[in-house]
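# Analysis of the macromolecular model
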Amino acid sequence: MKARLALMVLLCAGEAAAQEIPAAERRSGTDFMSAQTRAVQEDDTANPGMLWVLQGETLWNEPAGAAGRSCASCHGEAATSMRGVAARYPAFDAASGAPIDLAGKIDQCRTERQKAKSLPRESEDALGLAAYIGHQSRGMPIASPDDARLDAARAEGKRLFETRMGQLNLACSSCHDANWRGRLGGSAVTQAHPTGYPIYRLEWQAVGSLQRRMRGCMVGVRAEPFAYGAAEYIALELYLNSRAAEMPIETPGVRP
Amino acid sequence: MSRTLVSAPKTAKAGEIVDIRAMIAHPMETGYRMGPNGQAIPRKIIRHFACDYDGEEVFSAEFHPAMSANPFVAFSTVATKSGMLTFRWTDDDGKIETASAEIAVS
Amino acid sequence: MSVEQRGHIGRRDLILAGGAGLLVLALPSTRALARPSLQEAVNGFTGGTPVQPGKVKLDVPPLVENGNAVGVTVAVESPMTASDHVRRIALFNEKNPQADVAVFSLGPRAARARIATRIRLATSQTLIAVAELSDGSYWSSSANVIVTLAACIEDLS
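Residues numbered from 1 in each chain as written. Chains lettered and ligands numbered in written order. Predicted model: local features only at pLDDT ≥ 70, side-chain atom pairs only at ≥ 80, totals over all residues. Heavy atoms only, no water.

Attention shifts here to the sheet that holds strand β6 (residues 206-208) of chain A. All names here are of chain A. As summarised here, the arrangement of the 3 strands in space is β6-β5-β7, forming an open sheet in which the pairing is mixed. The sheet is open, and its two borders are formed by β6 and β7 (254-255), each paired with just one other strand. Bridge analysis of strand β5 (residues 199-201) against β7 gives 2 bridges, and the strand direction is parallel. By the bridge assignment, Tyr 200 is partnered in β7 with Val 254. (Pairing = 2+ DSSP bridges. Helix = DSSP H or I, 4+ residues; strand = E, 2+ residues; numbered from the N terminus.)

Set out below in structure tokens:
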């Protein structure tokens, strides 16, 4: 394993400037999975991510906080009001003057409208709501907003994606643009399209967010990961969504 | 909290074999893992699963730590009469979670 | 190692070598004590009744991407009637810390002698499914699974 990792590092380091993947060659992580894992994702009665979706559905209808309101009190049926919402996030948040991701938006609604306690990122409830809302956009194309106020963050995301970091001195692009056809040990490298988040990852044995996934890669290259909710992750997500524009949402995705 | 996901047909003909699937959110902690502090994470798993059809057990299972997290089982039964399928998961501490599904048999 | 130490074995090296030796000696024996062999586990289930090959179809992918959730299907040839049916299906593994995986209890009302589930495999190994029929006979089938490991392990903190 170590020898292979070292080989991969050499490969990546030896690669010339990484090229962006042409639209015609874009492939979801699903395409890199075994038939068995794909079958689990595609069957809602077998996909364990659906347990989080169901939990989110319960929370959606449950009054919370001092306001005594549920998500449904204002938004009604999620199947109509939330359809396509996850496909557009992160979006620009006028109140803070910065981009906000879906998890941040859910928590904003919770604390400001419901007057309820903030849900910590990666908590079961936060992931459940994100999975439920994400699931309403399943099959819809990722459509990052064409909003000039997001341009700076998107550019920053691209810069971060292409910045070498950590003791292994690898950028996201070193693997996911330049070497996506390769394998790292037994695992497919993949193109890093955020199509299924929050995902049920077999490695985690649970559902986790895109930020947890990016954190895993940062730890993998031995870089100090950003804190959950950091502007850097949101900038990266914005760039990833522009990179994956038009790819259909699979939430809840299942990944090895 | 909806922590279980069961799937069974809502309607069936008498004598028809129906497929049933049951899944529950549970970490199935093996007792063999260590936490970030180097301390062993104590074992906590679902030990037993049973499915009753109109009060009579039609399928059950005994689980060990080698069952995946969020344990999933698929099995079948024969539709006899309209009634309730009840599902019961029991963990190491004897805590029970249940779910049910109604089946109309014609 | 410094130049001065090159001529003799330093004390630290001795301690390290001793420690490594102990580790190498200790590991296999404690492991052997910790869990029964695959055969012992099967004997525990059958009570020593001989197990015949056949009737059981164990379906598991030969190569899996992650050992945390390996899809397994077991089907047994049986009419599943009151007089002739499968009573139990047990799954055992060769190399996990424990040999037992699960025991499924069926019966004529289960209608079809077929179950599917997801299991954990710590490493590449043999898996065996044993079916107990209503006439008291035992039948089995085994399969080898290669488990590939993730290249990067996420820290837990």
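From this point on, the discussion continues.
Pairing is antiparallel across the open sheet formed by 6 strands, whose spatial order is β1(B)-β3(B)-β6(B)-β7(C)-β4(C)-β2(C). Each edge of the open sheet carries a strand with a single partner, namely β1 (4-7) of chain B together with β2 (56-59) of chain C. Adjacent strand axes in the sheet meet at a mean angle of 15 degrees, parallel and antiparallel pairs treated alike. As paired strands, strand β3 (residues 17-24) of chain B and strand β6 (residues 72-78) of chain B are joined by 7 bridges and run antiparallel to one another. Among the inter-strand pairings, Ile 17 of chain B is bridged to a residue of β6 of chain B, identified as Val 78 of chain B. Contacting β1 and β3 of chain B, helix α3 (residues 49-60) of chain A runs over the sheet at an angle of about 110 degrees to β1 of chain B. (Axes fitted to C-alpha atoms, helices over the stretch in contact; angles between N-to-C directions. Contact = heavy atoms within 4.5 Å.)

A few words now on the packing of aromatic side chains. Per the counting criterion, the structure on display carries 14 aromatic pairs over all chains. When the centroid spacing of 6.2 Å and the interplanar angle of 90 degrees are considered together, the rings of Phe 32 of chain A and Trp 180 of chain A count as edge-to-face. With a gap of 148 residues between them, Phe 32 of chain A in the loop between α1 (2-14) and α2 (35-42) and Trp 180 of chain A in the loop between α10 (172-176) and β3 (183-184) connect regions that are remote in the sequence. The buried category is assigned to Phe 32 of chain A, whose relative accessible area is 16%. Since its relative accessible area comes to 6%, Trp 180 of chain A is described here as buried. Counting every residue linked through ring pairs, the aromatic cluster contains Phe 49, Phe 59, Phe 75, Phe 87 and Trp 89 of chain B together with Phe 104 of chain C. Note that Lys 55 of chain C overlies the ring of Trp 139 of chain C, its terminal NZ or CZ placed 5.0 Å from the centroid. When the ring centre of Phe 72 of chain B is taken as reference, the NZ or CZ atom of Arg 118 of chain C above it lies at 4.5 Å. (Phe/Tyr/Trp six-rings, centres within 6.5 Å; stacked < 30°, edge-to-face > 60°. Buried < 20%, exposed > 50% of the residue type's maximum accessible area, 1.4 Å probe, protein only. Lys NZ or Arg CZ within 6 Å of the ring centre and 35° of its normal.)

Let's shift gears to the confidence of the model for chain C. All names here are of chain C. The predicted model of chain C averages 84 in pLDDT, with 75% of residues at 70 or higher. In the model, residues 1-32 has pLDDT below 50 throughout and makes 4 contacts with residues more than four positions away in sequence or in other chains. ipTM for the predicted complex: 0.96, alongside a pTM of 0.90. (pLDDT = per-residue confidence, 0-100.)

On the chain B side, the residues contacting the 27 residues of chain C number 33 residues. Carbon and sulfur atoms supply 49% of the area that chain C and chain B bury against each other, a total of about 2,500 Å² over both sides. Among the residues of chain C in contact with chain B, Arg 109, Arg 118 and Arg 120 of chain C are the three that bury the most area, contributing 32% of the side total. At the boundary of chain C and chain B, one finds 2 salt bridges. Residue Glu 56 of chain B pairs with Arg 109 of chain C through a salt bridge whose shortest N-O separation is 2.8 Å. Linking chain C with chain B are 20 residue pairs in polar contact (both at pLDDT 80 or more), by the criterion used here. By residue class, the composition of the side of chain C that touches chain B is 14 nonpolar, 7 polar and 6 charged. For β6 of chain B and strand β7 (residues 114-119) of chain C, the ladder comprises 2 bridges, and the chain directions are antiparallel. Note that in β7 of chain C the partner of Val 73 of chain B across the bridge is Thr 117 of chain C. (Buried area = accessible area lost by both parts, 1.4 Å probe. Salt bridge = Lys/Arg side-chain N within 4 Å of Asp/Glu carboxyl O. Polar contact = N/O pair within 3.5 Å; in protein donor to acceptor, adjacent residues only side chain to side chain. Nonpolar A, V, L, I, M, F, W, Y, C, P; charged D, E, K, R; others polar.)

On to the state of the cysteines, then. Residue and element names in this part refer to chain A. All told, the structure shown has 0 disulfides over all chains when counted by the stated rule. The thiol of Cys 71 is not disulfide-bonded; the next cysteine sulfur, from Cys 109, is found 7.2 Å away. As a non-bridged cysteine, Cys 74 has Cys 109 as the owner of its nearest cysteine sulfur, 7.3 Å distant. (Disulfide = S-S within 2.5 Å.)

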